[in-house]
Amino acid sequence: TADLLEYHKATFQRPEQLVGDSAILKSDVSVKDGVVTIKGLRKGNKSRPALSFPVESPVGSLVVRNLESGTGDKLFDTTLSRFDSAFRETISPSLLGAFEDVLPLYDANDPSRGVVSSPSAIRSAMTQVLTVEKDYPDDIVEAMMGHIDASILTRNYRGAKPAKGMGEIITGLYLGDTPSY
């Protein structure tokens, strides 16, 4: 479960696409010529983008470690409920303690309901980091998040979202050396 928490932090993909109904299967992962590749998935209007990492990178080695361990067919040998519980027990307190004032509201119409401190907080935080702090174009962030045709500009004018380069962006964020766009 710890590796899944780390992978979610690095990729900010939807938890259900990591261990739920659309989980990453070991058969979705290939290792060739020093690169680990995770096959993408499209289900309805949501997707999990294909990602590639150098095997020796932090995320690449995490994926290979999980590929080579466990007996099940899923890459991460845990459940969605264990992931959610581990997140709420280990990460949520830190988020609330240090960042409660900047976390997204659970209900913008009713601030008394508090802030989001579940795994979806990571998706919100990374969206903010990439679009505001790193000045990445919306279509790149939307592609990384697995949104399909979310933007009118992308859908009608810019064309297809980038499918390559997301692994480099994630590795750069992980190591603190991100490419600029």
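Here the structure is a predicted model, which is why all the values come from computation and not from measurement.

A short note on the environment of Ser 124
If you trace the backbone, Ser 124 turns up in helix 4 (residues 120–133). C-alpha of Ser 124 to C-alpha of Leu 103: the two residues are 21 residues apart in sequence and 8.0 Å apart in space.

Some words on helix 5 (residues 138–145)
Think of an α-helix as 3.6 residues a turn; residues three or four steps apart then line up on the same face. Burial within helix 5 is extensive, with seven of its eight residues counted as buried. Buried within helix 5 are the following residues: Asp 139, Ile 140, Val 141, Glu 142, Ala 143, Met 144 and Met 145. Positive backbone phi, at 90 degrees, marks Gly 146, one or two positions downstream of helix 5.

Observations concerning the environment of Leu 96
Positionally, Leu 96 belongs in helix 3 (residues 80–99). Judged by relative accessible area, which is 31%, Leu 96 ranks as partly exposed. Taking C-alpha positions, Leu 96 is 6.9 Å from Ser 117, a pair spaced 21 residues apart along the chain. Apart from the residues lying within four places of it in its own chain, the contact partners of Leu 96 are Leu 103, Val 115 and Ser 117.

Regarding the packing of helix 1 (residues 2–11) against helix 3
Where helix 1 meets helix 3, the closest approach of the two axes is 10 Å, and the angle between their N-to-C directions is 75 degrees. Classified by the interaxial angle, the pair formed by helix 1 and helix 3 is roughly perpendicular. Along the contact surface, helix 1 presents Leu 4, Leu 5 and His 8, while helix 3 presents Phe 83, Ala 86, Phe 87, Thr 90 and Ile 91.

Digging into the sheet that holds strand 1 (residues 29–32)
By definition, the strands of a sheet pair up through backbone hydrogen bonds, in either a parallel or an antiparallel sense. With antiparallel pairing, three strands are arranged side by side in an open sheet as 1-2-5. Edge positions in the open sheet fall to strand 1 and strand 5 (51–54), since each of these has one partner strand only. Ignoring strand direction, the axes of neighbouring strands in this sheet form an average angle of 20 degrees. In the sheet, strand 2 (residues 35–38) pairs with strand 5 via four bridges, with the strands oriented antiparallel. Among the inter-strand pairings, Thr 37 is bridged to a residue of strand 5, identified as Ser 52.

With respect to the side chain of His 8
Mapped onto the fold, His 8 is located in helix 1. Reaching out from His 8, the side chain makes a polar contact with the backbone oxygen of Gln 13 at a distance of 2.9 Å. Contacts of His 8, omitting those with residues within four sequence positions, involve Gln 13, Pro 15, Leu 18, Phe 83, Phe 87, Pro 119 and Ile 122.

Digging into the packing of aromatic side chains
Each aromatic ring pair is specified by the distance between its two centres and by the angle formed by the two planes. This model, assessed by the stated rule, comprises two aromatic pairs. Geometrically, the ring pair formed by Tyr 7 and Phe 76 is tilted, given 5.3 Å between the ring centres and 50 degrees between the ring planes. Here Phe 76 lies in the loop between helix 2 (58–67) and helix 3 and Tyr 7 lies in helix 1, a separation of 69 residues in the sequence. Just as Tyr 7 is buried, Phe 76 falls in that class too. When the centroid spacing of 6.4 Å and the interplanar angle of 50 degrees are considered together, the rings of Phe 83 and Phe 87 count as tilted. Of the two residues, Phe 83 and Phe 87 are both situated in helix 3; the distance of four residues between them amounts to about one turn of the helix. Given a relative accessible area of 1%, Phe 83 falls into the buried group. Among the residues examined, Phe 87 registers a relative accessible area of 1% and is labelled buried.

Each value, and the rule that gives it
- Residues numbered from 1 in each chain as written.
- Predicted model: local features only at pLDDT ≥ 70, side-chain atom pairs only at ≥ 80, totals over all residues.
- Heavy atoms only, no water.
- Helix = DSSP H or I, 4+ residues; strand = E, 2+ residues; numbered from the N terminus.
- Buried < 20%, exposed > 50% of the residue type's maximum accessible area, 1.4 Å probe, protein only.
- Contact = heavy atoms within 4.5 Å.
- Axes fitted to C-alpha atoms, helices over the stretch in contact; angles between N-to-C directions.
- Parallel < 35°, antiparallel > 145°, perpendicular 65-115°, else oblique.
- Pairing = 2+ DSSP bridges.
- Polar contact = N/O pair within 3.5 Å; in protein donor to acceptor, adjacent residues only side chain to side chain.
- Phe/Tyr/Trp six-rings, centres within 6.5 Å; stacked < 30°, edge-to-face > 60°.

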